[in-house]
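So the chains spell out like this:
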Amino acid sequence: MSNDQIRAVTSPAPPEAQAGRRHALTALIAVNVGVAVIASVMIVVRDGFDLAAVFYDGVSPLHEWGELNSPAIEDGAYWRLLTSMFLHYGVLHLLANLLLLWLAARRLEPLAGSGTVLTVYLLSGLGAAVAVYYFDPEVLTAGASGAVFGLIAALLVVSLRARANTTLPLVLLGVGLVATFAVPGMSIAAHAGGLLVGTVLALGFGRARLAVTAATAVLLVALAVARQFL
């Protein structure tokens, strides 16, 4: 990290300045909530109002089009590698991921910038999807958890390199890891993929940021395409 970045971490901007710099967090929450509302409306229109479907495990036509489905990706539906990170199976799934997203990104964005938060979220989410595509191709899955793991990893790396307080990222990481192995249905591959990509991107913060980001994006796309030939 540069000296300016280290000073930013150790001497954060005033609350009013920080609030004005959380555009990425606001946008990510808005997109995830908007997609969830559309999916819920689709479920109600198609199946009628079912509390369990809306809150716990609903699958809408939007999910069928955009969730992570490895056979469909092999048939050319590559958009699922991106759309799946904005889809959730019910309101509770959404709220759990948005809480972790809010806690991580609200601390990271004033330190690293809105563009960095968006980049880490998108590439970590892509890394999570690619990991599932390779190591757990039988499952149908969706959710922002892989992307959120990437943000938590980035926040931890930034805090460690600046010798700042690491309590929050360590707690978030611990909660995420416990949930990964304790809660049925969690995708270990997705969480590991997001965590790895977020760590790599954060280690590249500084002069090599652009090169590391570009190389990571190219590698993930190349891996996704190469899966067709394995």
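Reading the values: the criteria
Residues numbered from 1 in each chain as written. Predicted model: local features only at pLDDT ≥ 70, side-chain atom pairs only at ≥ 80, totals over all residues. Heavy atoms only, no water. Patch = residues over 30% accessible without salt bridge, like charges linked within 9 Å, V, L, I, M, F, W, Y side chains within 5 Å. Areas by Shrake-Rupley, 256 points an atom, 1.4 Å probe, with all protein chains shown as cover. Salt bridge = Lys/Arg side-chain N within 4 Å of Asp/Glu carboxyl O. Helix = DSSP H or I, 4+ residues; strand = E, 2+ residues; numbered from the N terminus. Buried < 20%, exposed > 50% of the residue type's maximum accessible area, 1.4 Å probe, protein only. Core = buried A, V, L, I, M, F, W, Y, C linked by side-chain atoms within 4.5 Å. Contact = heavy atoms within 4.5 Å. Phe/Tyr/Trp six-rings, centres within 6.5 Å; stacked < 30°, edge-to-face > 60°. Lys NZ or Arg CZ within 6 Å of the ring centre and 35° of its normal.

On the surface, Val44, Phe49, Leu51, Phe55, Tyr56, Leu92 and Leu95 cluster together into a nonpolar patch covering about 700 Å² of accessible area. Mapped onto the nonpolar patch, the elements with two or more residues apiece are α4 (51-57) and α8 (91-112). Ranked by the residues each element gives to the nonpolar patch, the list is headed by α4, at three residues. Turning to its location among the elements, leucine 51 is positioned in helix α4. Judged by relative accessible area, which is 49%, leucine 51 ranks as partly exposed.

The subject of this paragraph is the nonpolar core. A general trend in soluble globular proteins is that nonpolar side chains are found buried together. In this structure, Leu81, Leu101, Leu108, Val117, Tyr121 and Leu151 are the most contacted members of the largest nonpolar core, which totals 56 residues. In terms of residues, this core owes the most to one element, helix α9 (residues 114-135), which gives 11 residues. Discounting residues that sit within four places of it in the chain, valine 117 has contacts with Ala24, Leu28, Ala105, Leu108, Glu109 and Leu151.

What follows is about the packing of aromatic side chains. The full count for this structure, using the stated rule, is four aromatic pairs. Look at tyrosine 133 and tyrosine 134: their rings are 6.3 Å apart centre to centre, the planes differ by 75°, and that puts the pair in the edge-to-face class. Residues tyrosine 134 and phenylalanine 135 carry aromatic rings whose centres are separated by 6.3 Å and whose planes lie at 45° to one another, so their mutual orientation is tilted. Given the relative accessible area of 68%, phenylalanine 135 is considered exposed. Its guanidinium or amino end placed over the ring of tryptophan 102, arginine 106 lies 4.6 Å from that ring's centre, counting from NZ or CZ. Arginine 227 extends its terminal NZ or CZ atom over the ring of tyrosine 134, reaching a point 5.7 Å from the ring centre.

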